[in-house]
Amino acid sequence: MNSFSVPPLPPGWTEHVGPGGQPYYYLAETQESTYIRPLPAFPIIPQAIIPQAPKKKDKPLVKTPIPGTEWLRVKTTEGNIFYSHKVKKQSVWTVPEEIKDALEAFERAEGHEDAQAKQQRQAKETEVEKLTLEEEQELKRLKTEMQGLVKRKAEEPQPLDEVVISKKARDEDDEGEEEEESEEEEEEWQREAAAQLAAEAEEEKKRLEEEAKVAKEEEEAEKMQENERSQLNMPNRVDLSIEEAKALFKTLLREKDINPLHPWDTSLPLFISDPRYVLLPSVSARRDAFDEYCRDRARELRQQNVKKEKAEANPKEEYERLLSEEVKSTRTSWSEFRRTWKKDRRFYGWGRDDREREKRFKEYLKELGEKKRIAAEKAEADFFALLRESGVVRSDSLWKDVKRKVSHDARYDAVGSSSLREELFQTFLKAHGSSSSYSTSTPGKDETENNGPQEDSEQKRREKKEQALKEREQKVRAERSRMDAEIGRSKMGLNMEEGEREFRTLLTDAVRDPQTTWESIRPQLKTDPRFNNSPLPVNQQLRLFHAHMGQLQMKHLASLHSLFQAHAPSLATPFSALPLESLLKSLPVTKLAFHARDLENEYDKWQRERTYECRKAFDEMLAENSFVEFWGRLGKMGGEGADGGVKADDLGEDEGEGFGGKVDLKALAKSVDLSDIEKVLKNDKRYIMFEHVPAQRERWLRDYVAVLSSCVFAQDSGANVHKVKHDYQSDVARLRKIVINSLYSNRDIFLRELISNANDALEKLRLTALTEKSVWDGVSPLNITIKAEKNTDGPGGRIVITDTGIGMNAAELTNNLGTLAKSGTSDFLAKAGDDSTATGNLIGAFGLGFYSSFLVADQVVVASLPPPSSKNPNPAQNVFSSSADEGSFEIYPDPRGNTLGHGTEITLYLKDDAAHYLVTSNLMKLVNQHSGFSTAFPIHIWYEAEEEVPEVDEEAILSEAEGKPIDADEDEAMVEEEKENESVSPKMKKVMVGHWEHLNSQPPLWMRDPKTVTDEEYELLYQGTFKDFQKPLAWHHFHGDSESGVSFRALIYIPSRLTEEFFGKPLDASTKDVRLLVKHVFITSDLGEYGLPKWASWVKVIIDADDLPLNVSRETLQSSSFLKQIKQIVLRRLIQLFSKIAAEDQEKYAEITKVYGQVLKLAASEDSKNRDKVAALVRFNTNQRDVVSFDSYLENRKQGQKQIFYLADMGKSIEHLSQSVFVEKLHARGYEVLLLNEPLDEIMLQSLRNWKGVPFQDVAKAGLDFGDDTPEEKDTLAELTEKYAPLLEWLKVEAGENVKDVIVSNRLVTSPCAIVADSMGFTANVQKLMSATNRGAQQNDFMQDYMKKQKVLEINPRSPLIEGLLEHVEQLIADGDAKDLDTEAQLKEVSSILIDGALVRSGFEVANSNMFLTRVDRVLRRSLGVSETAPTDDTVKPAPPVDPELPSDILTGDEKMFFGLPDEMKSNQFELEMEEIDEAGNVVHDEL
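Basis of the calculations
Starting from 1, residues in each chain are numbered consecutively following that chain's sequence as written. Totals for whole chains, interfaces and linings use all residues, but because this is a predicted model, local features are given only for residues with pLDDT of at least 70 and pairs of side-chain atoms are given and counted only at 80 or more. Note: side-chain values were computed over all heavy atoms of the structure, leaving out hydrogens and water. Numbering of helices and strands runs from the N terminus, with a helix taken as a DSSP run of H or I at least four residues long and a strand as a DSSP run of E at least two residues long. Three exposure classes are used, based on accessible area relative to the maximum for each residue type with a 1.4 Å probe and protein chains only: buried under 20%, partly exposed in between, and exposed over 50%. Any two residues whose heavy atoms approach within 4.5 Å at even a single point are treated as in contact. The accessible surface values rely on the Shrake-Rupley method and a 1.4 Å probe; as for residues, cover is taken only from the protein chains in view. We call two strands paired when DSSP finds no fewer than two bridges between them. In this analysis, axes come from line fits to C-alpha atoms, helices being fitted only over the stretch in contact, and the angle between any two N-to-C directions falls in the range 0 to 180 degrees. Side-chain rings of Phe, Tyr and Trp, where Trp is taken by its six-membered ring, are said to pair if the distance between their centres is within 6.5 Å; with planes under 30 degrees apart they count as stacked, over 60 as edge-to-face, and otherwise as tilted. Over a ring means this: the NZ of a Lys or the CZ of an Arg is within 6 Å of the ring centre and within 35 degrees of the ring normal. Scored from 0 to 100, pLDDT reflects the predictor's confidence in each residue. In this description, one arc is meant: the one made by directions from the helix axis to the C-beta atoms. Each patch is assembled from residues with relative accessible area greater than 30% and no salt bridge, linking like charges that lie within 9 Å and nonpolar side chains (Val, Leu, Ile, Met, Phe, Trp, Tyr) that lie within 5 Å. We count a salt bridge whenever a side-chain nitrogen from Lys or Arg sits within 4 Å of a carboxyl oxygen from Asp or Glu. This count recognises Lys and Arg as positive and Asp and Glu as negative, with His and chain-terminal groups excluded. Working definition for charges: the position is that of NZ of Lys, CZ of Arg, CG of Asp or CD of Glu. Joining through side-chain atoms within 4.5 Å is the link that ties buried Ala, Val, Leu, Ile, Met, Phe, Trp, Tyr and Cys residues into a set, and such a set is a nonpolar core. Only Asp, Glu, Lys and Arg are considered charged, only Ala, Val, Leu, Ile, Met, Phe, Trp, Tyr, Cys and Pro nonpolar, and every remaining residue, Gly among them, polar. Multiplying 1.5 Å by the residue count of a helix minus one yields the expected span of that helix. Relative orientations are named as follows: roughly parallel for angles under 35 degrees, roughly antiparallel for angles over 145 degrees, roughly perpendicular for angles from 65 to 115 degrees, and oblique for any other angle. When the near helix sits turned anticlockwise from the far one by under a right angle, the crossing is termed left-handed; a clockwise turn instead gives a right-handed crossing.

Of the regular secondary structure elements, the chain holds 51 helices and 30 strands. Per-residue burial over the chain gives 35% buried out of 1488 residues. Contacts in the chain between residues far apart in sequence, at least 24 positions, make up 70% of those at least 6 positions apart. Counting only carbon and sulfur atoms, one obtains 50% of the accessible surface of the chain, whose full area is about 91,600 Å².

The next point concerns the sheet that holds strand S17 (residues 988-998). With mixed pairing, eight strands are arranged side by side in an open sheet as S14-S13-S12-S15-S11-S10-S16-S17. Each edge of the open sheet is held by one strand with a lone partner, namely strand S14 (889-893) and S17. With direction set aside, neighbouring strand axes in the sheet form an average angle of 20 degrees. Seen against the sheet, helix H30 (residues 810-817) touches strand S12 (857-865), strand S13 (878-883) and S14 and runs at an angle of roughly 30 degrees to S13. Docked against the sheet, helix H32 (residues 920-930) engages strand S10 (784-790), strand S11 (797-803), strand S16 (939-950) and S17, running at close to 150 degrees with respect to S16.

Topologically, Arg297 is positioned in helix H6 (residues 283-312). When sequence neighbours within four positions are dropped, the list of residues in contact with Arg297 reads Arg254, Asp257 and Pro260.

One pass over the structure, following the stated rule, counts 44 aromatic pairs. Aromatic pair Phe618 and Tyr687: ring centres 6.3 Å apart, planes at 25 degrees, arrangement stacked. Linking Phe618 in helix H22 (residues 596-624) with Tyr687 in helix H26 (residues 685-688), this pair joins segments that are 69 residues apart in sequence. Taking the centre distance of 6.4 Å and the plane angle of 55 degrees together, the rings of Trp1035 and Tyr1053 count as tilted. Here the residue Trp1035 occupies a position in strand S18 (residues 1034-1041), and Tyr1053 occupies one in strand S19 (residues 1047-1054), the gap between them amounting to 18 residues. Between the NZ or CZ atom of Arg697 and the centre of the ring of Tyr687, over which it lies, the distance is 3.8 Å. If you follow Lys787 out to its NZ or CZ, it ends over the ring of Trp942, 5.1 Å from the centre.

In this section: the confidence of the model for the chain. Counting all residues, the mean pLDDT for the chain is 75, and 73% of those residues have values of 70 or more. Note on residues 228-237: pLDDT is under 50 here. Beyond four places in sequence and across chains, it has seven contacts. Note that residues 1111-1115 has pLDDT below 50 and, in this model, 24 contacts with residues that lie over four places away or in other chains.

To continue, consider the pairing of strand S21 (residues 1081-1084). Taken together, the three bridges between strand S20 (residues 1074-1078) and S21 define a ladder with antiparallel strand orientation. Note that in S21 the partner of Val1078 across the bridge is Val1081. From the end of S20 to the start of S21, which pair antiparallel, there are two residues, and Lys1079 there has a positive phi angle of about 55 degrees.

Here Pro867 shows up in the loop between S12 and S13. Here the alpha-carbon distance between Pro867 and Met808, two residues 59 residues apart in the chain, equals 8.8 Å. Sequence-distant contacts of Pro867, defined by excluding residues within four places in its chain, comprise Leu765, Val775, Ile806, Asn872, Pro875 and His902.

Let's shift gears to helix H11 (residues 399-406). Every buried residue belonging to H11 is among Trp399, Val402 and Val406, and all of these are buried. Burial along H11 is one-sided: seen end-on, the buried residues are contained in an arc of 70 degrees. More than 90 degrees from the buried face of H11, the exposed residues found are Lys400, Arg404 and Lys405. For H11, the elements touching its buried residues are helix H10 (354-390), helix H12 (410-414) and helix H13 (418-431).

All right, on to a negative patch on the surface then. A cluster of acidic residues, Glu466, Asp1265, Asp1269, Glu1272, Glu1273, Asp1275 and Glu1279, forms a negative patch at the surface. In terms of residues, the negative patch owes the most to one element, helix H44 (residues 1271-1283), which gives four residues. Assignment of secondary structure puts Glu1279 in helix H44.

Right, let's get into the nonpolar core. Counting 83 residues, the largest nonpolar core has Trp1098, Ile1103 and Phe1190 as its most contacted members. Sorting elements by how many residues they give to this core places helix H37 (residues 1121-1144) first, with twelve residues. Beyond its immediate chain neighbours, meaning those up to four positions away, Ile1103 contacts Phe1048, Arg1049, Ala1050, Val1074, Arg1075, Leu1076, Leu1077, Phe1122, Ile1126 and Val1130. In this structure, Phe750, Leu751, Leu762 and Ile939 belong to the second largest nonpolar core, which totals 45 residues.

Let's shift gears to the pairing of S16. Where S10 and S16 come together, three bridges link them in parallel fashion. Its bridge partner being in S16, Ile784 is matched across the sheet by Ile939. Across eleven bridges, S16 lies against S17 in antiparallel orientation. Bridged to Glu948 within S17 is Lys990.

Between H44 and helix H45 (residues 1285-1295), the least distance of the axes is 4 Å, while the angle of their chain directions is 60 degrees. Along its contact with H44, which presents Thr1281, Glu1282 and Lys1283, the element H45 presents Ala1285, Pro1286 and Leu1288. Considering only residue class, the contact of H44 with H45 consists of three nonpolar, one polar and two charged.

This brings us to helix H29 (residues 750-768). Look at H29: 27 Å from first C-alpha to last across 19 residues, which is about the 27 Å you get at 1.5 Å a residue. The buried fraction of H29 amounts to 17 of the 19 residues, a majority that puts the element mostly inside the structure.

So, on to the pattern of salt bridges. Applying the stated criterion to the full structure yields 51 salt bridges. For Glu318, the salt bridge goes to Arg321, with nearest N and O atoms at 2.9 Å. Separated by three residues within a single helix, Glu318 and Arg321 lie in helix H7 (residues 315-326), roughly one turn from each other. Judged by its relative accessible area of 24%, Glu318 falls in the partly exposed class. Each member of the salt-bridge network shares a partner with another, and the members are Arg254, Asp257, Arg297 and Glu300.

Between helix H50 (residues 1381-1401) and helix H51 (residues 1409-1424), the least distance of the axes is 10 Å, while the angle of their chain directions is 125 degrees. By the angle between their axes, H50 is oblique relative to H51. The two elements H50 and H51 cross, and the hand of that crossing is left-handed. Here H50 contributes Gln1386, Glu1389, Ser1392, Ile1393, Asp1396 and Gly1397 to the contact with H51, which in turn contributes Phe1412, Arg1415, Val1416, Arg1418, Val1419 and Arg1422. For the contact of H50 with H51, a count of residues per class yields four nonpolar, three polar and five charged.

What follows is about the environment of Gln1386. With respect to the element layout, Gln1386 can be found in helix H50. Among the residues examined, Gln1386 registers a relative accessible area of 41% and is labelled partly exposed. When the C-alpha positions of Gln1386 and Val1419 are compared, they lie 9.7 Å apart, and in sequence the two are 33 residues distant.

The residue Trp264 is located in helix H5 (residues 264-267) in this model. The spatial distance from the C-alpha of Trp264 to the C-alpha of Asp291 is 8.6 Å, given a sequence separation of 27 residues. Those residues in contact with Trp264 that sit more than four places away from it in its chain are Phe249, Phe271, Tyr277, Arg286, Arg287 and Phe290.

Pairing between the strands of a sheet comes from backbone hydrogen bonds, and it takes one of two forms, parallel or antiparallel. In spatial order, the strands read S4-S5-S6-S7; together these four strands make up an open sheet with antiparallel pairing. In this open sheet, the two strands that pair with only one neighbour each are strand S4 (60-65) and strand S7 (90-92). On average, adjacent strands in this sheet sit at an angle of 25 degrees to one another, irrespective of strand direction. Pairing geometry for S4 and strand S5 (residues 71-76), over five bridges, is antiparallel. Across the sheet, Pro65 pairs through a bridge with Leu72, a residue of S5.

The next point concerns unusual backbone geometry. Positioned with a positive phi, Asp257 is a non-glycine residue whose angle comes to about 55 degrees. Here Asp257 is to be found in the loop between helix H4 (242-255) and H5. Of note, the phi angle at Ala593 is positive, near 60 degrees, even though the residue is not glycine. Locating Ala593 in the fold gives a position in the loop between helix H21 (587-592) and H22. Note on Ala593: relative accessible area 42%, which makes it partly exposed.

The structure is reproduced here in C-alpha cells:
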C-alpha cells in the first residue's frame, strides 16, 4: 500500500505547535491564525511521507495589556500573536471586533514609541561612535607626539660625561646594566610625557565623561549583567514543587526590596543574578509570581500607610475639619452630607456608627446657627451704630438718601441683604421717632436705652408663658369635645357598606345581652366614636340592632337545646323529668330571662321539632332498607301462569316441605310478617327513637309496605295496557322563523357565524388529510374569500362567501343545512373521540349558525363540493337553495359543473334594508371586530377603488383587431397625429380597479410563547386592535386558569396617554377596551357590572378563553363567575406590572407616573381591597428629593419622628410649596416633607390615614411635633410666650374673627408670622376642595363656617418685625390715655396688613380684599412720599344710548355654526373635509 504525505501549505503559511500541543497555522501577511490546515490552490501531487522531527511547542512569551479593554496581546516564542481575555479566560488568534479600534490606537502609539526609542538609540550610538572616534584620534595624536619626543630626545647632544660608549662584545653583567639603564630612561620619559599631557587631556576627559555618561551607564549595566551571568553558579538539580519555587522567588524579591510599582523590565536586573531566579521553570511563571508579589506588597504598603496615617492623625479633628470646611449652611441635611462624603476617610474614620456622626453633625449645625445668629446680631448692632454715628438720619429721612452716605462703610456690607438693611433702617426710625436728629456723641446711652426694653419684654414673656399654655389647652379640650362627631365623620368618609360593617362590629363589642333594648343601650353607644361617626340613618341602625339581638337569642337558644339534648335523650322524656333548678341557673336561661313556664313552652316546642325530624329520618330509613322494599315489591316477581306464581324447584322425593309445585308470591306479599322486618331494623337508632310508641311505629311500617304493594299492583295492572308512542310535532317553518328572528339580537353577527362555519370546514379538511392523503395535496390554498356584488340593473345585490374546505355532498347538505340544531362539527368531534390531535380549532357547537344568514338575506344559495376520497372518488357539486319565508328547501346538481375544486360557496341575496352590507368597508369592519383572530386561515375580501388611467382610443383598437387595410396617406396622417400628440399629456379617465385584500394578517400573538414574540409584534397588535397609533408604554402577556376551571390567555397593555373622557366624565366607569374572546372569536367588550373600576377603565386587555358557557347566539355569557374572577385577575396583574417596572426600570416608571400618577392616587382612594398595593406605587416630590415613595420616605425618617410630614396646596408649583412658610423650619432642620399639589393627594391621604402604622401630619395644622423637643426648649417657649403676651393680646383683638387664637410659634425661622389651621379646623387646601364641591356651595352651612374659623396666628419671636411691633405695642400700653392716636391708627394698619398678608401667604382668602389693597396702597404712598389723600382722576367716557333693535348680521337657528372660523379662513379657497369613523375608530369608506 502506498503512503502519501499531507498536502503542502500554501505560500506564506507556517505550521506551529500551540500551548496545548495542538498544531495551528499562521499567515504573517494578514496575521491570521487557524487550527484548520489550509489547502493549496494548485493540484496536489502525492508524495511519500518523510518523517519529520517534532516541532517545538509554541509558548507565550510576552503579555501586553491593551489599554481600555480587558484583553491581552500575547507574543509566542515562535513570534506569533494571539489575544486573550483576562476575565472570560478566552483566547483567539484573530483580532476580536470589540477591540479593533483600541488595538489600532495602541499599535499606533506603540509604533510611535518604538520610533522614538529607535531614534534615541541611533542618536546614542552615533554619539558613542563619535566619542570613540575622538578617543582613537586623541590616542593616535598622543602616540605621535610621544614618538616625536623620543626622537628629539635621542637627537639632542649629550655631555661627554653622560655619554656611554658601548661595545658590541660584552659580557652578561654589561648587558644587565644596559637593560636597567634603558628601562630607567624609558620610565623617565614616560613620566615626563604623562605629566606634560595630563594637563592637556584633563579638560577633554571631563567633557567626554559628561557627554558619554548615559551611554556608559547602559554599557556598564550590560557588562555587569554579562559578568553576573558568566559568574552565575547554576545548581545542577533542584527538586522543588511549583509552589515552593514560587515562595522562594517571592522571598528573593522581598530581600531585594523590589518596588511593586516598577515594571518587570526595570526590576529584572536587580535580582536576575541570584540563583533562586532559575527555580521557576519559565519566564511566564516568573512574571506571574512577580505580579502576585507586586499585588501583595502594594497591599501591605498601603495598609502600613493607612495605619501610619491613623496613628498620626486625630480622627475627631479630621471630622471636625471636614464639618468646618464643607458645612456652611444650617439648612444642610444629614442625608445630603452623608451621601456626599461617606467615602471620605475624614467622614468614616471617626465615630462608632452613623448615629454618633449624625449627633455631632446636628450639634455642629446648632453651633453654626448660634455663630451666625451672634454674627447677625453683631452686624445689626453695628448697623444701628453706623446709623447713629452717621448723623444724617432724621425722622423724615428716606432710606435711598441715607444709603448713599453710609454704603462705603464696612458695617453696611456686614448686613448681607438689602431688604434687611431697609427693615433695620425703618426699625431705627420707629425706635427713635421722637427725636428729630441723632448725635454721635452718646452711643453708650442709646445702647442702654435699646437694651432696657428688651430685658423687660423677656421678663414679661417668662411670666406669662404658663398662663397662655393653660388657656390654650382648655380651649382645645372644649372645642374637641364639641366637634368630635362632625370631624370624625368628615375624615372617615365611609360609605354605607363600610358603615354597616363598623356598626355591626360596634354592636358585637357593646351588646352581649339578648334582653337589651334600644333605648337602654343607646346612651352607652353614644360614648363610642363609631356610633357618633356612623353615616347610617336611625332606621337602619335599628334594623341592624334587631338583627344582632336575633342572632344573640338564637345563639343562647342553641345552647339551651344542647342542654335539653343532654337531659332528654329520648322522645318520651317529659318536662317534669328534667332538673328544673339546674336549668334555671344555667347561662342560656339566665341570658334569655326564662321562667319555669317559659322554659316548659320552649321545651315542648323543641320536642315537637325534634319529633318531626325523627319521623322524617324514620321514613328515610325505610326507603334506604332493601329488605323492606323486597316485601313491598314481592308481587312484582311474577312467574308462570295467570296468577303469577313461580314454579318450585324439583327436589326429588321427600325433599323439602312443598314437595314441588308453585309458590304464589302475591299471596305471600299480602300476608307480610312484620316481625321479620322488625328484626332487621331493631338496631337502627332511627327505629329505636320511637320505642315509646310501638303501636304507632308498627302502623307506620304496615302503611309503608302497603303503599309499596299498591304501587306494584298498579304497575302490574298497567302492564297489559296498549301503549301508543308519539313523536313531537312542530311547525318547521314557524320554528325556523323563531330561530332566525328571536335567537340573535344583532344582525351583524351573520358574517361571524358564516366565517366560523368556513373555519370549521377548512379545519376538518386539514385534520382529515392527516389520515387520508387524497383529500388534500398540502399545496392548494386553504382560505376564505368574501365578495360584495351590487346589482347593475337596480338596487340590491349579493354577498358571496367561499371557502376551500371539506365541502358537502347532497346527503350532508340535507342533514347539516336542512335539519335544525344539527351540528356537523359536533358529529365530527364525536367521531374523533379521545383523539386530541383530531380536534383542532373547531368552533361550531349548536348547529344554528347557518340560519343567521336569513337575518340579512331573502334567499340563500349554497354550492358545495367535497374533495375526492376513497369513499367518493368522483364527487359532484350540488346546490342547496332556500328562502327566508319558505318552509322547504331544494337540493339539485349544480348546472355549472364542478367549479369549486373543493369547498363551499354561500351566496346571500340581501334584503332591501340590508343594502349597507354591500359596502366593502362595512364588511371589513365586521370581520375585524368579530373574526379578526377566529381562524388561522387567511380571509380575503374583494376591494375596489377608483383610479385614474390613460384613456384609450377604442376605434383604433377595433380597427387593428379587424385588420382593416390602411393606405399610405392614412398611415402618414396617423404618424403626424402621433407626433403632435407626443407633446400633449394623455387624457385620463377614472375606472374601478379591484384586488383581494388580506384582512386577518395579524395572528393571535397571545397564543404564542412570550419569549418568541418581539416588541414590534406586540406594538403592531396593539395599534391594529385598539386603533391607537402611539406605542404602548408597557404590556404583560400571561396565561392562567380561573377558579371555575376555565383556561385563558391574556394580554394587558398600558397606553401611552389617557383619553380626555377619563377625567371629563368622572361618573362613567364603563370599560370599552376589554375584548373577551372564546376560541379566538370576539364575544363582547361590555362586561356589565363586572367591568373594571373607574381607575382601571383605561387599560387595554385581550382575553381569549378556551371555553365559556355561552348562549346559543354567542352574544352573552350564561355565567358571571368567570367575569368576576377575570376582573380580579386583570387588576392583580396590572398592579404586578406596575410594581415590576418600578423595581426594574426607574426611567420608564417615571414616564408611567407622569401619565398615570393621578390614576394611581384615585385607585388608592377608591379601591379599598388593593389600596396598600397601589399606594406603594405612588410617587411624590419632597423638599429634598424629586421622586419619593412612602417606603423610601420612611427609610429617610429621623430619630424620634413619629409622623409623615406633608403639605398640600392644589394648583401650586412644587417650588412654591418648598418655599412655604410651613416648611421652612422642617427644611432647616433636615426633615423631609411631602409636597402635594394635586386635588387627589389630600383625598388619598385621608383614605390611607397612616402608612405602616405611621400617621400623616399636615404641617399646615397646629400641633407640629418634631419628636425631639427638650425641656429646655419648652421652657424657652414658655418664656417667650410670657414676654410677648401684650403683643398676643393686641393681635388677637385686631385679628377679630379671622383667627381663633394668637400664639408664639416654634415652626418659623425667617417669616414673621403664619396662620395655621387648628387640629379641628380646615386647612386652606381643604377649604379649596370643599369650595369645589356642592357641599362647599352651601352658604348657610353652620358647621363648615365654624370649621373655617378654627385658625391660629403664630408669630416668630426672633423676627425683627415682631420685636419692633412688640416695642410699639408696649409703648402704646405704657402711654395709657396719653397715647398718640395717629401712632395707634398707624400701628393698627400695620397689624391689619400683617394679618392679611399672613392669610395670603398661608393659602387662605382675605375676608375683604378691597380693604387689604387699600391699606397696601396707603403704605406704598407713604414709602414713596405721595400724599395719602391725593385724589385719582376718575373721569371716564359714558356708554352710548339704549338701542332696543337687534343687529341684522346675527345668525339664528340653523345658521349658527358649531365652531367659529377666523376671517382669513372664510374665503372660498378654504375647504373643510370631514370623515366618519365607527365605534372602533376605523374610518368608514364609502367608495362603492
